[in-house]
Amino acid sequence: MADSHLYDARPRNRWPLVGRAAALRTVTEAAAQADVGGVVIVGPPGVGRTRLAKEAVARLAAAGHPTAWATGTRAAGAIPLGSLLHLAPPQEAASPAIFGQIVERFSAPREKRPVLVVDDTHLLDNASAALVYQLAVHTRTFVLLTVRQGQTAPDVMTALWKEGVARRVELRPLRDSEVDTLLERGLGSPLDAVTRHTFRRLSTGNPLVLRELVQSALEGSALRRVDGLWHLGGPLQITGRLGDLIEAQMQVDDPAVLAVLEVLACKEPLGQPVLEDITGHTAVVQAERQGLVVVEPSGARRQTRLTIPAYGEVIRARMPRARAHAIWARLAESLAASPRRRVDDALELVMWRLRAGLGCSGQELLAAAQRAAERLELDVAERLAVASRDAGGGADANLTLAEVMALQGRFVDAAGILPAPEECDNEERADRRAILREKIEYWQHEAAPALGHPAGERAAEAVRAWTMLLEGHVAQSLSVGTALLARPRPRLPEEATARAATAVVLAAGLMGDLRLVERASATGLEVASAHRTVSPWAQAQVGAARCLALLLGGALTTAAKAVDLAYREAVETQMAAPVVGMWAIVCGFVAKAQGRVQPAQQALREAIVLLSEHDPLRLRHVYLAELAGAHAMAGDTVQADAWLSRMEGCPAPRGVLFDPWIERNRAWVAAAALDLPSAAGYAVGAAKAAGKAGAPMIEALALFDAARFGAAREVCDRLNQLARDTATPATTAFATVATALATDDAHLLEEGAETLHHLGHLLPAAEAAATAHRIHVGARRRTAAKAALVLARELLAECGGARTPLTDLTGGEASLTARELQVAKLIATGLPARAVADRLGLSLRTVNNHLGRVYAKLGVSGRDALAQVLGRPTGEEPHAQELPPG
């Protein structure tokens, strides 16, 4: 048998096979066992039966097995042996004895047993099925069969696995982690968390649906690469290919079943009684029997949803408009007649009525606008608020519209529609107006008007507690916020409570009072949690403030656990992109503070992508600076410079609170270029600004940076004073390490490294251990040097790619001078000698002389060897990375 022409040579899918290693191993191992006649692969449509069979047969062919491929189809099934005719010799294809000739052909003696793959075996005619059974049972042929779950296969095919001739492998949808892996490998780079979760949800682990969704999104330009991440920035376009594939996969011939799917395409999940009231009980049962819908408990009710949500996207896109209008009208009618206890009922009722072309009252539009704003669906909220105002919604409609505009950062527009004080004639309206007025005055850089609004004064004070913090009045902010939270009467609105709690939590963190951080965050979270379904944003604000305060207070281990949990919850519960983006910022800040530079870079890039259209407080300046600092900690000067340059092009945030933090990142960018005097100068300047604002924890962090950049003697006295004043474990550890750096005390460095490691400061701990190692080597204390080296390497492994001036582990007795180390590290990053000379203001000859001495001292030759010694893996090309635009 000529093996080459028997194998189906259709082009292979360029996406990798993921999550099927065990199934693939079962097939290949079974083929090696003479007593196993084959494997039957069973699974629902699109789960990858054919893909697995192709991969398996390719491996078996590579191992020397003769292979052949056949596919069952409905057309071929109408002809006896129609799917297997191509397996007969060409001159015998019309022979009445074709059955025996195929059996004889596969029975010919060979070193390796032949392999026959039959895809979609459930579509075979009886004669073809009998032939496959004959080959599996009475010849050496190994048969690999795929069967669509829920379809009736010929009885002889079922007999193969029932009688133990063949093994049965059931394919299930991919797990979430496997979907993530498939997406990243298929697209060649990571996706942001919201986009990743959207594809997970729509495909529910079905690889074929997943691939086609991605292809459709790419063709429609909804899926684009932004700052190194794939981002789904618009609605999915349902291409003809995707629509046809989904419809073929669903195989819906019954109009009653199609009606069930159409209703669920307009609203899912949907209560089973409502769905049956619209479509009938029998139709729902039949749709469930066909595996198209799932009925599952939800508390005391039963909810119905589509098995694969992508079905809904296609059905809705292809549904006649009149049919969609009729469904939305029925859904609205059903909801209007219900008690409407769910928090989203008001929004859904209005949206269904509008889609059905029905009218809504001003109050209904207003309630829907408020709920859309709470969900941060700001475009929808604005349209509904405008419609409510036009329908006579009055002051409440204007207040809601102004609140939506403020959430978008459009404070000038919000000021233009803010109702007059006399229109806000009750406590709730007065509080809402006062909060808005305070925001507008601050963000428009206006002075407060002479006329106050006593009815909303306490609510406005909560906003002022936050703006005082931004302006660098930390102690005053703490005092105002604490007083507001301590007085239960009159009651503060939920938003005001969240703002006051956020201000207190951050102020306490800036001052190193971690007990107050926990008390104030508990108060804010208690209020926010009670209204979580109404305003998830408030809970996220207080929770994020707590994580940042823990970071400022030096409790990085606690902060890392808290932010990881909150970030994953935000993604999995499908919170709005701005909420996920906010948590990504905090993840990046905490990871960078720990020294875990790669997770920090990934999280901060994700924040930039997710918050590209949502930055009302102009904080992009801050997290761009953090991203520059994260690249600087990895020794990547090109990326660090590029992100810092991009930061300079963004509007600066209001107030002075963030200035020291931004200057700390400037210091790290200078340190990455090994301009340590400038780096220390930036860090000391940041410390002075933080001290002026009354933020001792930022001052301590900045001074500790300066110590790490070579200015330990200059800053250790002030650091020790701060350690006494704040009495936090972190500031004590900073002072200990700075003192040890100033005095070359290796044992004190090791003590500081252990404390910092316990607190979660991985990179500073690694630097302390690495410095202790070098000091021990210089003093010829070999045992102590080895112990410090082991600790430093373990800590640096946790940091994953961090390279700072203190992480040098060469430990050579003939140590490099500061200038030699500076030149060596720049050369190791891939910069040409001429570029190094220009950067450092040296002649090319001087640089080459320094480099020659470096090679001699370290006993290496060439850039790759130098890079290995200084910590960069061979082959890494930092300058080839994608740079941020402009």
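Residues numbered from 1 in each chain as written. Predicted model: local features only at pLDDT ≥ 70, side-chain atom pairs only at ≥ 80, totals over all residues. Heavy atoms only, no water.

Quick word on the overall build of the chain
The helix and strand tally for the chain stands at 42 helices and ten strands. C-alpha extents for the chain along the principal axes are approximately 100 × 85 × 45 Å. Nonlocal contacts in the chain, meaning residues at least 24 apart in sequence, comprise 68% of its contacts between residues at least 6 apart. Each charge class in the chain was averaged separately, 97 positive and 97 negative side chains, and the resulting centres sit 3 Å apart. (Helix = DSSP H or I, 4+ residues; strand = E, 2+ residues; numbered from the N terminus. Contact = heavy atoms within 4.5 Å. Lys, Arg positive; Asp, Glu negative; His and termini not counted. Charge placed at Lys NZ, Arg CZ, Asp CG, Glu CD.)

Brief notes about the sheet that holds strand 3 (residues 115–119)
One open sheet accounts for five strands, arranged 2-3-4-1-5; its pairing is parallel. Only two strands of the sheet have a single neighbouring strand rather than two, namely strand 2 (67–71) and strand 5 (166–170). For this sheet, the mean inter-axis angle between neighbouring strands, taken without regard to orientation, is 15°. Where strand 2 lies against strand 3, five bridges are found, and the strand directions are parallel. Along strand 3, the bridge assignment pairs A70 with V118. The strands touched by helix 6 (residues 155–162) within the sheet are strand 1 (38–43), strand 4 (142–148) and strand 5, with strand 5 carrying the most contacts at an inclination of about 95°. (Pairing = 2+ DSSP bridges. Axes fitted to C-alpha atoms, helices over the stretch in contact; angles between N-to-C directions.)

Looking at the environment of A68
Assignment of secondary structure puts A68 in strand 2. Measuring from C-alpha to C-alpha, the distance between A68 and D425 comes to 82 Å, with 357 residues separating the pair along the chain.

Looking at the packing of aromatic side chains
Under the criterion given, the structure shown has five aromatic pairs. Taking 6.0 Å as the distance between ring centres and 10° as the angle between the ring planes, the aromatic pair formed by F411 and W443 counts as stacked. Separated by 32 residues along the polypeptide, F411 in helix 20 (residues 411–417) and W443 in helix 21 (residues 427–443) bring together distant segments of the chain. Across the pair, exposure class does not vary: F411 and W443 are buried alike. Taking the centre distance of 4.8 Å and the plane angle of 80° together, the rings of W668 and F709 count as edge-to-face. You can see W668 sitting in helix 32 (residues 659–672) and its partner F709 sitting in helix 34 (residues 696–726), a full 41 residues away along the chain. Each member of the pair, W668 as well as F709, carries the same accessibility label: buried. Sitting over the ring of Y442, R654 keeps its end group 4.1 Å from the ring centre. (Phe/Tyr/Trp six-rings, centres within 6.5 Å; stacked < 30°, edge-to-face > 60°. Buried < 20%, exposed > 50% of the residue type's maximum accessible area, 1.4 Å probe, protein only. Lys NZ or Arg CZ within 6 Å of the ring centre and 35° of its normal.)

So, the environment of W69
Here W69 is to be found in strand 2. What makes W69 buried here is its relative accessible area of 5%. Between the alpha carbons of W69 and L87 there is a distance of 8.6 Å; along the sequence they are 18 residues apart. For W69, the side chain forms a polar contact with the side chain of T71, separated by 3.1 Å. (Polar contact = N/O pair within 3.5 Å; in protein donor to acceptor, adjacent residues only side chain to side chain.)

Some remarks on helix 32
For helix 32, which comprises 14 residues, the first-to-last C-alpha distance of 20 Å matches the rise-based estimate of 20 Å (1.5 Å per residue) to within 8%. For helix 32, the tally of buried residues reaches twelve of 14 residues, placing the bulk of the element in the interior. All of the buried residues along helix 32 are P660, W661, I662, R664, N665, R666, A667, W668, V669, A670, A671 and A672. Note on helix 32: the residue one or two positions beyond its end, L674, has a positive phi of about 60°. (Expected span 1.5 Å × (residues − 1).)

Some remarks on the sheet that holds strand 10 (residues 301–306)
Within the open sheet, the three strands sit side by side as 8-10-9. Their pairing is antiparallel. Only two strands of the sheet have a single neighbouring strand rather than two, namely strand 8 (270–271) and strand 9 (293–298). Sheet topology places strand 9 next to strand 10; six bridges connect them, and they run antiparallel. Bridging from a neighbouring strand, E296 pairs with Q303 of strand 10.

So, the side chain of S216
Locating S216 in the fold gives a position in helix 9 (residues 207–219). Classification of S216 as buried rests on a relative accessible area of 1%. Discounting residues that sit within four places of it in the chain, S216 has contacts with Q237, I238, T239 and L242.

Concerning the side chain of T829
Topologically, T829 is positioned in the loop between helix 39 (818–828) and helix 40 (833–840). Classification of T829 by relative accessible area gives buried; the value is 10%. Of note is the side chain of T829, whose polar atom sits 2.6 Å from the backbone oxygen of L826.

Thoughts on the environment of P677
Relative to the elements of secondary structure, P677 occurs in helix 33 (residues 676–693). When the C-alpha positions of P677 and A711 are compared, they lie 8.2 Å apart, and in sequence the two are 34 residues distant.

Side note on the confidence of the model for the chain
When pLDDT is low, close inspection of the predicted coordinates is not appropriate. Here the chain shows a mean pLDDT of 88. Residues at 70 or above account for 92%. By mean pLDDT, the top-scoring element of the chain is helix 35 (residues 729–743) (96), and the lowest-scoring one is helix 1 (residues 3–6) (37). In the predicted structure, residues 1–13 sits below a pLDDT of 50 and forms 30 contacts with residues beyond four places in sequence or in another chain. Throughout residues 447–453 the model reports pLDDT below 50, and contacts reaching past four residues in sequence, or to other chains, amount to five contacts. (pLDDT = per-residue confidence, 0-100.)

Things to note about the nonpolar core
Ranked by internal contacts, the top residues of the largest apolar core, which has 161 residues, are L384, W583 and L719. The leading source of residues in this core is helix 34, at 16 residues. Those residues in contact with L384 that lie beyond four places of it in its chain are L347, V350, M351, L354, L365, A368 and A369. (Core = buried A, V, L, I, M, F, W, Y, C linked by side-chain atoms within 4.5 Å.)

Points about the pairing of strand 1
In terms of burial, strand 1 is a largely internal element, six of the six residues being buried. Here strand 1 shows no split at all, with G38, V40 and V42 on one side and V39, I41 and G43 on the other all buried. For strand 1 and strand 4, the ladder comprises six bridges, and the chain directions are parallel. What sits directly across from V39, in strand 4, is L144. By the bridge criterion, five bridges tie strand 1 to strand 5 in an arrangement that is parallel. Residue pairing across strands places V42 opposite E170, the latter belonging to strand 5.

Thoughts on unusual backbone geometry
A cis amide bond, omega -5°, links E268 with the succeeding residue P269. When you line up the elements, P269 lands in the loop between helix 11 (255–266) and strand 8. Non-glycine residue D227 carries a positive phi angle of around 50°. Relative to the assigned elements, D227 resides in the loop between strand 6 (223–226) and strand 7 (229–232). Of note, the phi angle at A727 is positive, near 55°, even though the residue is not glycine. On the secondary structure map, A727 appears in the loop between helix 34 and helix 35.

Considerations on the pattern of salt bridges
Summed over the entire model, instances satisfying the criterion amount to 50 salt bridges. The residue E438 makes a salt bridge to R464 at a minimum N-O spacing of 2.8 Å. A residue pair is termed long-range when its members are at least 10 positions apart, and E438 in helix 21 and R464 in helix 22 (residues 457–470) qualify at 26 residues. Overall, E438 belongs to the buried group, its relative accessible area being 12%. Residue classification places R464 among the partly exposed residues on the basis of a relative accessible area of 21%. With a shortest N-O distance of 3.2 Å, R568 and D564 are connected by a salt bridge. (Salt bridge = Lys/Arg side-chain N within 4 Å of Asp/Glu carboxyl O.)

A few points about the packing of helix 8 (residues 193–203) against helix 27 (residues 556–572)
Running from N to C, helix 8 and helix 27 point in directions that differ by 45°, and their axes come no closer than 9 Å. Considering their axes alone, helix 8 and helix 27 lie oblique with respect to each other. The two elements helix 8 and helix 27 meet at a crossing, and its hand is right-handed. Residue-level inspection shows A193, R196, H197 and R200 of helix 8 in contact with helix 27, the latter providing Y567, V571 and E572. Of the residues in the contact of helix 8 with helix 27, the class split is three nonpolar, one polar and three charged. (Parallel < 35°, antiparallel > 145°, perpendicular 65-115°, else oblique. Left-handed = near helix turned anticlockwise from the far one by under 90°. Nonpolar A, V, L, I, M, F, W, Y, C, P; charged D, E, K, R; others polar.)

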